[in-house]
Amino acid sequence: MELVASNKVVGGWHKRYRHASKTTHCDMTFAIFLPEAVNTGTKVPVLYWLSGLTCTDENFMQKAGAFKLANELGIAIVAPDTSPRGDDVADDSKGSYDFGLGAGFYVNATMPPYKAHYQMYDYITLELPELIRDHFPVTTQQAISGHSMGGHGALVIGLRNSQKYSSISAFSPICHPIQCPWGIKAFTGYLGIDTKQWQQYDATALMLNQQFDTQIPILIDQGDGDNFLEEQLQPWHLQKAAEQINYPFTLNMREGYDHSYFFISSFIDEHLRFHAKHF
């Protein structure tokens, strides 16, 4: 791994690394916050944060304001990039923001030319956690969270890997991507036209169709002033599915809040405490 940047913050450290990924077959960048507890040799649990469309590893780390409480609670935070990148990595031919670079949707692509690099599901669930455990003082305890497209990723990954994570949370997640424009576009491009293959990456479909060995708790915050709420996010579908199977699920509708990091920074402490309670 190559250390790209290092900054001391609230007694801990924020660091960025670049490494050659065997999963995405290109260089990947991730950021990690290490609380000051690790300075004394203490191993800490990890919260994985997945960001949304057009974002990189930097957005959450610079805008969310999560470090102070994460330091107090003794939680490491890992923020990967949102897609593979590089000269050889296929992008959307029209240069749109909601597909291609910066829009990996946390799936394993099966359609050319994207399948060569867009293996973000395996990168997040397999390669990155192994890298973190091998190189940093962390325990095996993990939680996962994210925003928008990353909220979709957190829900899907957490639900499909309930044995690996203690809790799931999300801000403004895409809850039923097989029925919204963002999801339909991404899944068609990455997975093809067989909609049965899409369901493995749809949180609402997983909630209704999957047998869970463990029901790990889910917390969602959604602003009612979010411009994407009705067309793209649709959290009521997931809420209804959770109610049908009596799944431990909390949806907080926040009056007046939008889709931005102003919203995330307003409630990130509640999410950190939620995850800390379940570690």
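None of these values were measured; they are calculated from a predicted model. (Residues numbered from 1 in each chain as written. Predicted model: local features only at pLDDT ≥ 70, side-chain atom pairs only at ≥ 80, totals over all residues. Heavy atoms only, no water.)

Enquirer: Any details on the environment of P181? Residues and values, ideally.
Expert: Considering the arrangement of structural elements, one finds P181 in helix α5 (residues 181-191). Taking the C-alpha atoms as reference points, P181 and F105, 76 residues apart in sequence, are found 13 Å from one another. If we ignore the near neighbours within four places in the chain, the residues touching P181 are E231 and Q232. (Helix = DSSP H or I, 4+ residues; strand = E, 2+ residues; numbered from the N terminus. Contact = heavy atoms within 4.5 Å.)

Enquirer: So what about the nonpolar core? Which residues, and what values?
Expert: Within the largest apolar cluster, 67 residues are counted, with the highest numbers of intra-cluster contacts made by F30, F105, I132 and Y190. Residues contacting F105, with those up to four places away along its chain left out, are L53, T82, D98, M149, H152, I174, W182, G183, A186, F187 and Y190. The next biggest cluster of nonpolar side chains, apart from the first, holds 22 residues, and it includes W49, F60, F67 and F267. (Core = buried A, V, L, I, M, F, W, Y, C linked by side-chain atoms within 4.5 Å. Buried < 20%, exposed > 50% of the residue type's maximum accessible area, 1.4 Å probe, protein only.)

Enquirer: Give a description of the pairing of strand β1 (residues 2-9) that names residues and reports values.
Expert: Alignment of β1 against strand β2 (residues 12-20), held across seven bridges, turns out to be antiparallel. Bridge pairing in β2 links S6 to K15. (Pairing = 2+ DSSP bridges.)

Enquirer: How would you summarise the packing of aromatic side chains if you had to cite specific residues and measurements?
Expert: In the structure shown here, the tally under the stated rule is 20 aromatic pairs. Plain terms: the ring middles of F171 and F263 are 5.6 Å apart, the flat faces sit at 85 degrees to each other, and that makes the pair edge-to-face. Taken together, the residues span a long stretch of sequence, with F171 in strand β7 (residues 168-171) and F263 in helix α10 (residues 261-278) at a distance of 92 residues. Both residues of the pair, F171 and F263, count as buried. (Phe/Tyr/Trp six-rings, centres within 6.5 Å; stacked < 30°, edge-to-face > 60°.)

Enquirer: Outline the side chain of Q222, listing residues and values.
Expert: When you line up the elements, Q222 lands in strand β8 (residues 218-223). A distance of 3.2 Å separates a polar atom in the side chain of Q222 from a polar atom in the side chain of D226. Not counting residues up to four positions away in its chain, the partners in contact with Q222 are S172, P173, L229, L233, P235, L251, N252, M253, R254 and F263. (Polar contact = N/O pair within 3.5 Å; in protein donor to acceptor, adjacent residues only side chain to side chain.)

Enquirer: Outline the environment of I132, supporting the account with residue identities and numerical values.
Expert: Structurally, I132 is set in helix α3 (residues 120-135). Taking the relative accessible area as the measure of exposure, I132 reaches 0% and is therefore buried. Spatially, the C-alpha atom of I132 lies 17 Å from that of T24, the residues being 108 residues apart in sequence. Residue contacts for I132: discarding those within four places in its chain leaves F30, I32, V46, Y48, V78 and V138.

Enquirer: Just give me the short version of unusual backbone geometry, but keep the residues and values in it.
Expert: With an omega of 0 degrees, the peptide bond between P112 and P113 qualifies as cis. Counting through the fold element by element, P113 comes out in the loop between β5 (76-80) and α3. Backbone geometry at F105 places phi at a positive 60 degrees, although glycine is not the residue there. Within the fold, F105 resides in the loop between β5 and α3. In this structure, Y106 takes a positive phi of about 60 degrees despite not being glycine.

Enquirer: An account of helix α4 (residues 149-160) is needed here, citing residue identities and associated values.
Expert: Taking 1.5 Å of rise per residue, 12 residues should cover 16 Å, and α4 covers 17 Å from first to last C-alpha, within 8% of that figure. Counting buried positions over the 12 residues of α4 gives 11, a clear majority of the element. Turning to α4, its buried residues are M149, G150, G151, H152, G153, A154, L155, V156, I157, G158 and L159. (Expected span 1.5 Å × (residues − 1).)

Enquirer: A description of the pattern of salt bridges should follow, citing residues and the corresponding values.
Expert: By the definition in use, this model includes seven salt bridges. Among the ionic pairs, R18 bridges to E2, the shortest N-O distance being 3.0 Å. With a gap of 16 residues between them, R18 in strand β2 and E2 in strand β1 connect regions that are remote in the sequence. On the basis of relative accessible area, R18 is assigned to the partly exposed category, the value being 31%. What makes E2 partly exposed here is its relative accessible area of 44%. The closest approach of N and O atoms between R254 and D221, which form a salt bridge, is 2.5 Å. One end of the pair, R254, is in strand β9 (residues 249-254); the other, D221, is in strand β8, with 33 residues separating them in the sequence. Residues joined in a network through salt bridges with shared partners are R16, D57 and E58. (Salt bridge = Lys/Arg side-chain N within 4 Å of Asp/Glu carboxyl O.)

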